[in-house]
Amino acid sequence: MAELVAVIASTHHPFYYKASTATGEERPPFADEWVRKVAAFRETLTKARPDVLVMVGSDHFHQLWLDNMPQFLIGKAPHYDANWYNEEREFGLPRMVMRGQEDLSTYLLREGLDAGFDLAFSNELRIDHSITCPIITLRPQNDLPIVPVYTNIFAPPLPQPKRFVQLGRTIRELVESWPSDQRVAVIGTGHLSLELGGPRQFGPHGPDPEFDRKAVEWISTGDLDGCLSEVSLDSLHAPGNATHGFMDFMLMMGVAGEGRKADYVDTYDLFHTMEAYFTWYPNNGGQP
Amino acid sequence: MSKYLLNKFLFTVDRDPELVERYRDDPQGTVQWWEETEANRILNCHTGESSTWLRFDDTERTALSTHDYPRLFELGAHPFLTLTLFIAMFERDHDEPLGFQLEYARRLSHLSLPYPDIAT
């Protein structure tokens, strides 16, 4: 069977690429420390020596649109083009191409359907910065095949938070039962408190530092019960109007497991939002 | 009222570099053209079919035609779509980093929770 060698949850800050590659007067004062933190985070994936990456993210109205909106979707294709014109325009992100691990996509779709998740699929999926940002930060050589998993945290009505956790648990079970000798890492990105297009956007910190503190505590201690008891679709409006992206972190807590403390935790308080990086090594006593 | 159609306008303009410039330079003309020729086009579908029933009401048409992004927020347009398109059009007019984004927040500062429902 395949081995789950790392579980990684991260924010996906689209400005990292531009900040980390800027030079001279263009380079923001927070860039050097940010690069240092990301390099240390990257090492936690490198050490796990993965062969395949399952990448959990959320399309930001690029390919998935309101005339045909899936709640949970798995890409099944041999290749994925990535990043879009408006991401190039606003964030300076490069166009990318990734290889797909199509047999794992096939397995997750069939077994996921049979496990009670009516998953949508796409045979031609252009992915966006929710998945390319962690490639840029964690695997910039972009040399590993991926399986993209998209969740709807963006266009209500949304699935309940517990459904994200359940999907995370199911993804873990399926990765670990995949008849293969591959080493698999599951990487998912979301947000802590975040406001986009509202009065609290682009402040000196995230819009709700108290929520961020609690969120980091829930994730780093694997406190799914505490998290699920406080987080609802309604409650997530309060920390910021884009905070439903936190449910992708909850999905990753589901992958990591109830009560499972993260083996690596780091945060970085930036303008607009707090960066947060977590790694679990699930099957080797906390070692890669 | 059609939050869906507001979003469809923002979505289709935002993804087209020429339309972004056209909407910046001539909002009223662009909205009129779009409503007449594009509003009923079914996206993610081949071009031979279209819908027949989609149109703006006067409030929506005026908000789009005057670049009134606080009003679009109040009408429940998706904030991410509005923000992304308006950054593309107007960030260039500000010298300071994040100058437009902060002005945008200020112009919405009269709003408090709960925000308008964005469900479509």
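The rules behind each value
Residues numbered from 1 in each chain as written. Chains lettered and ligands numbered in written order. Predicted model: local features only at pLDDT ≥ 70, side-chain atom pairs only at ≥ 80, totals over all residues. Helix = DSSP H or I, 4+ residues; strand = E, 2+ residues; numbered from the N terminus. Rg over C-alpha atoms; globule rule 2.2 N^0.38 Å. Buried ≥ 20, exposed ≤ 12 C-beta atoms within 10 Å, placed from the backbone. Contact = placed C-beta atoms within 7 Å. Core = buried A, V, L, I, M, F, W, Y, C linked by C-beta atoms within 7 Å. Axes fitted to C-alpha atoms, helices over the stretch in contact; angles between N-to-C directions. Parallel < 35°, antiparallel > 145°, perpendicular 65-115°, else oblique. Left-handed = near helix turned anticlockwise from the far one by under 90°. Nonpolar A, V, L, I, M, F, W, Y, C, P; charged D, E, K, R; others polar. Arc of directions from axis to C-beta. Pairing = 2+ DSSP bridges. pLDDT = per-residue confidence, 0-100.

1. Considering the overall build of chain B
Then step 1. The number of helices and strands found in chain B is seven helices and zero strands.
Then step 2. Compactness check: chain B gives a C-alpha radius of gyration of 15 Å against a globular reference of 14 Å for 120 residues, within 12% of the reference.
Then step 3. Taken over the C-alpha atoms alone, chain B extends approximately 45 × 35 × 25 Å along its principal axes.
Then step 4. Relative to its full complement of 120 residues, chain B shows a buried share of 29%.
Then step 5. Taking the intrachain contacts of chain B between residues at least 6 apart in sequence as the baseline, contacts between residues at least 24 apart amount to 62%.

2. A word on the nonpolar core
Residues and elements named next belong to chain A.
Then step 1. Counting residues in hydrophobic clusters, the biggest one holds 110 residues, and the most contacted among them are V54, A185 and V186.
Then step 2. A per-element tally of this core places helix 9 (residues 246–256) first, with nine residues.
Then step 3. Residues in contact with A185, not counting those within four places in the same chain, are V5, A6, I8, L45, A48, P50 and L53.

3. Some points on the environment of H12 of chain A
Residue and element names in this part refer to chain A.
Then step 1. Mapping H12 onto the fold places it in the loop between strand 1 (3–11) and helix 1 (16–21).
Then step 2. Overall, the presence of 23 C-beta atoms within 10 Å leaves H12 in the buried class.
Then step 3. Residues within four places of H12 in sequence aside, it is in contact with H129, S130, C133, P134 and T189.

4. Considerations on the packing of helix 1 (residues 3–14) of chain B against helix 6 (residues 79–90) of chain B
Residues and elements named next belong to chain B.
Then step 1. Contact pair helix 1 / helix 6: the axes reach a minimum separation of 9 Å and the direction vectors enclose 40 degrees. Taken together, the axes of helix 1 and helix 6 are oblique relative to one another. Helix 6 is crossed by helix 1, and the crossing has left-handed handedness. In this structure, helix 1 uses N7, L10, F11, V13 and D14 to contact helix 6, whose residues at the interface are L81, T82, T84, L85 and A88.

5. Thoughts on the interface of chain A and chain B
Then step 1. Taken together, the 23 residues of chain A in the interface contact 31 residues of chain B.
Then step 2. Looking at side-chain class alone, the side of chain A that touches chain B contains eleven nonpolar, eight polar and four charged residues.

6. Description of helix 4 (residues 58–65) of chain B
Residues and elements named next belong to chain B.
Then step 1. If you check which residues of helix 4 are buried, you get E60, A63 and L64. Buried residues along helix 4 cover an arc of 95 degrees about the axis, so they all sit on one side.
Then step 2. Lining the buried residues of helix 4 we find helix 1, helix 3 (27–37) and helix 5 (69–74).
Then step 3. A positive phi of about 55 degrees marks H67, the residue just after helix 4.

7. Some remarks on the pairing of strand 1 of chain A
A regular strand carries its side chains on alternate faces of the sheet.
All names here are of chain A.
Then step 1. Summarising burial for strand 1: eight of the nine residues are buried, a large majority.
Then step 2. When strand 1 meets strand 8 (residues 183–190), the two strands line up parallel, connected through eight bridges. Residue pairing in the sheet places T11 in a bridge with G190 of strand 8.
Then step 3. The pairing of strand 1 with strand 10 (residues 274–280) spans four bridges and is antiparallel. Residue pairing in the sheet places I8 in a bridge with T279 of strand 10.

8. Some thoughts on the sheet that holds strand 10 of chain A
All names here are of chain A.
Then step 1. Read across the open sheet, the eight strands follow the order 6-3-7-2-8-1-10-9; overall the sheet is mixed. Two strands lie at the open edges of the sheet, namely strand 6 (120–122) and strand 9 (264–269), each paired on one side alone. Each strand of the sheet is rotated relative to its neighbour by a mean of 15 degrees, with strand direction disregarded.
Then step 2. Alignment of strand 3 (residues 72–75) against strand 7 (residues 146–151), held across three bridges, turns out to be antiparallel. Of the residues in strand 7, the one forming a bridge with L73 is Y150.
Then step 3. Along the sheet face, helix 5 (residues 129–138) touches strand 1, strand 2 (52–57), strand 7 and strand 8 and points at about 120 degrees away from the line of strand 8.

9. Some remarks on the environment of G206 of chain A
All names here are of chain A.
Then step 1. Within the secondary structure layout, G206 lies in the loop between strand 8 and helix 7 (209–221).
Then step 2. Owing to 28 C-beta atoms within 10 Å, G206 belongs among the buried residues under this scheme.
Then step 3. C-alpha of G206 to C-alpha of G92: the two residues are 114 residues apart in sequence and 22 Å apart in space.
Then step 4. For G206, the residues in contact, after removing those within four places along its chain, are L192, S193, L194, D212, T273 and M274.

10. Digging into the pairing of strand 9 of chain A
Residues and elements named next belong to chain A.
Then step 1. Pairing analysis gives six bridges linking strand 9 to strand 10, with the strands arranged antiparallel. By the bridge assignment, Y264 is partnered in strand 10 with T279.
Then step 2. The antiparallel pairing of strand 9 with strand 10 creates a hairpin that spans four residues between the two strands, and H272 there sits at a positive phi of about 80 degrees.

11. Thoughts on the environment of V265 of chain A
Then step 1. If you trace the backbone, V265 of chain A turns up in strand 9.
Then step 2. Remark: the alpha-carbon pair of V265 of chain A and L167 of chain A, spanning 98 residues in sequence, is separated by 23 Å.

12. Overview of helix 5 of chain A
Then step 1. Within helix 5 of chain A, ten of the ten residues are buried, which leaves it mostly tucked inside the rest of the structure.
Then step 2. When helix 5 of chain A is considered as a whole, its buried residues turn out to be H129, S130, I131, T132, C133, P134, I135, I136, T137 and L138 of chain A.

13. With respect to the confidence of the model for chain B
Then step 1. Of all residues in chain B, 99% attain a pLDDT of 70 or more, and the chain-wide mean is 96.
Then step 2. Both scores are given for the predicted complex: the pTM is 0.97, the ipTM 0.95.

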